[in-house]
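# Structural overview for review
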Amino acid sequence: MLIRPDPDEAGAERDGVRRALSRGLTRAAGSPDGLELGYPGTFAHLFGKCGSAPEALLALAERARASADRSKRLGCPAWQVDPAPPDLHLTGSLDRAISQLPADRARPDLRVVAWSADELQVLCTAGCLLERVFPEVLAELRVLVRQVALLGGKGIAGYTDFGVHGAIFLNRGRLTDDPAGLPAHVRLAEAVVHEGAHVRCNAAGWARPYLADPKDRSVLIDTPLRPDRRPVNGLFQQFVVLVRSIELYDRVLAGDELTGMARTAASERRAKLSEQAAEAVAALRSHQTLLSERGLADLEEADRVLSGSRPASFARS
């Protein structure tokens, strides 16, 4: 299941993706020995067909070691993750993301930027919030997310890219307080839950697709979160993201994390997400004949969660 975070299941799905990556590297480079399969740059190396030149593989291994060192230096007690600088695989991913925007949209002025000390503190504070109120999702993030890349500029709030699997991209605008009063660390926690859910869906769908027929990936439909028509697979991921985000706000509002304007803003945000989730589930219901058995099971679980009859294992203890 995807609605309920599950680090054990996520780990098994991650390992399946890594085995496929290892096979691909063996074909491309002769051997993946010395290359870290969890490093997003390793995915980019394979998908970019960079070959087996020794100097390229040595540089890739060094970048992976530097990434691991940054995770340790972050010093966050809740989440050791790499706040990545604008490395080659990340800037290349952003170029692809911009190139894939609808032709009628203006090209956004975006770049991958370095993290400031204040932004690193917000990242850690968001991680600590998740550890307190939603430890299951943080446990899953620890399994799946290796790097967090920061976007400067406007036009994309955040995204994931299977070509750099294990990285999530977040706009630095999410690291400031909302004008309505929602604190920066809560906004960032939602963004991390959102993009982390996409990483889980990408890994899960590798072995057990959500669609009954892979050809249906090309079917485009209207979705609640995007102005352009999206594939059914994208809608499926949207409803997973929305249900998890609602659960985050339910847990935040169930405690004393927020007061005053911040609490009101969180309630309003939760209500908006709930409306979007209802739209996503309704849209998916109208196309449920395209879903696999696994996709239908996740749709049923989402219905139970949204109706309040969530499984006890997903309820806050």
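These lines cover the structure that appears in this document, whether it is placed above or below. (Residues numbered from 1 in each chain as written. Predicted model: local features only at pLDDT ≥ 70, side-chain atom pairs only at ≥ 80, totals over all residues. Heavy atoms only, no water.)

## A few points about helix H4 (residues 88-99)
Here H4 contains 12 residues, and its C-alpha end-to-end distance of 17 Å stays within 8% of the 16 Å for a straight helix at 1.5 Å per residue. Looking only at H4, the buried set comprises His 89, Leu 90, Ser 93, Leu 94, Ala 97 and Ile 98. (Helix = DSSP H or I, 4+ residues; strand = E, 2+ residues; numbered from the N terminus. Expected span 1.5 Å × (residues − 1). Buried < 20%, exposed > 50% of the residue type's maximum accessible area, 1.4 Å probe, protein only.)

## With respect to the pairing of strand S3 (residues 147-153)
Residues in a regular strand project their side chains so that they alternate between the two faces of the sheet. The element S3 is largely enclosed, with a buried count of six among its seven residues. Across three bridges, the pairing between strand S1 (residues 82-84) and S3 is parallel. Within the sheet, the bridge partner assigned to Ala 84 lies in S3 and is Ala 149. Where strand S2 (residues 110-113) meets S3, four bridges bridge the pair, whose relative direction is antiparallel. From the neighbouring strand, Leu 110 faces S3, where its bridge partner is Gly 153. With five bridges joining them, S3 and strand S5 (residues 167-171) adopt parallel strand pairing. Note on S5: the bridge partner recorded for Gln 147 is Ala 167. (Pairing = 2+ DSSP bridges.)

## Considerations on the packing of helix H9 (residues 260-285) against helix H10 (residues 293-306)
Across the interface, H9 lies against H10 with an axial gap of 11 Å and an inter-helix angle of 150°. Relative to H10, the element H9 lies roughly antiparallel. The handedness of the crossing between H9 and H10 comes out as left-handed. For the pair H9 and H10, the contacting residues are Ala 277, Val 281, Leu 284 and Arg 285 in the first and Leu 299, Glu 300, Asp 303 and Leu 306 in the second. Residue composition of the contact of H9 with H10, grouped by class: five nonpolar, no polar and three charged. (Axes fitted to C-alpha atoms, helices over the stretch in contact; angles between N-to-C directions. Parallel < 35°, antiparallel > 145°, perpendicular 65-115°, else oblique. Left-handed = near helix turned anticlockwise from the far one by under 90°. Contact = heavy atoms within 4.5 Å. Nonpolar A, V, L, I, M, F, W, Y, C, P; charged D, E, K, R; others polar.)

## Considering the packing of helix H5 (residues 117-133) against helix H7 (residues 184-207)
The interhelical angle for the contact between H5 and H7, taken along N-to-C directions, is 70°, at an axis separation of 8 Å. It follows that H5 is roughly perpendicular to H7 by the angle criterion. Contacts from Val 122, Leu 123, Thr 125, Ala 126, Leu 129 and Leu 130 of H5 reach H7 at Ala 184, His 185, Val 186, Leu 188, Ala 189, Val 192 and Val 193. For the contact of H5 with H7, the class distribution of residues is 11 nonpolar, two polar and no charged.

## Remarks on the nonpolar core
Counting residues in hydrophobic clusters, the biggest one holds 73 residues, and the most contacted among them are Trp 79, Leu 130, Val 145 and Phe 239. Within the residue set of this core, elements represented by two or more residues are H5, helix H6 (135-144), S3, S5, H7, helix H8 (232-254), H9 and H10. Of all the elements, H8 adds the most residues to this core, at 13 residues. When neighbours within four sequence positions are excluded, Val 145 is seen to be in contact with Trp 79, Val 81, Gly 166, Ile 168 and Val 199. (Core = buried A, V, L, I, M, F, W, Y, C linked by side-chain atoms within 4.5 Å.)

## Here we look at helix H3 (residues 54-74)
In this model H3 runs 31 Å from its N-terminal to its C-terminal C-alpha over 21 residues, within 8% of the 30 Å that 1.5 Å per residue would give. Inspection of H3 places Leu 57, Leu 60, Ala 61, Ala 64, Ser 67, Arg 70, Ser 71 and Leu 74 among the buried residues, and these make up the whole buried set. At the C-terminal side of H3, Gly 75 shows a positive phi close to 70°.

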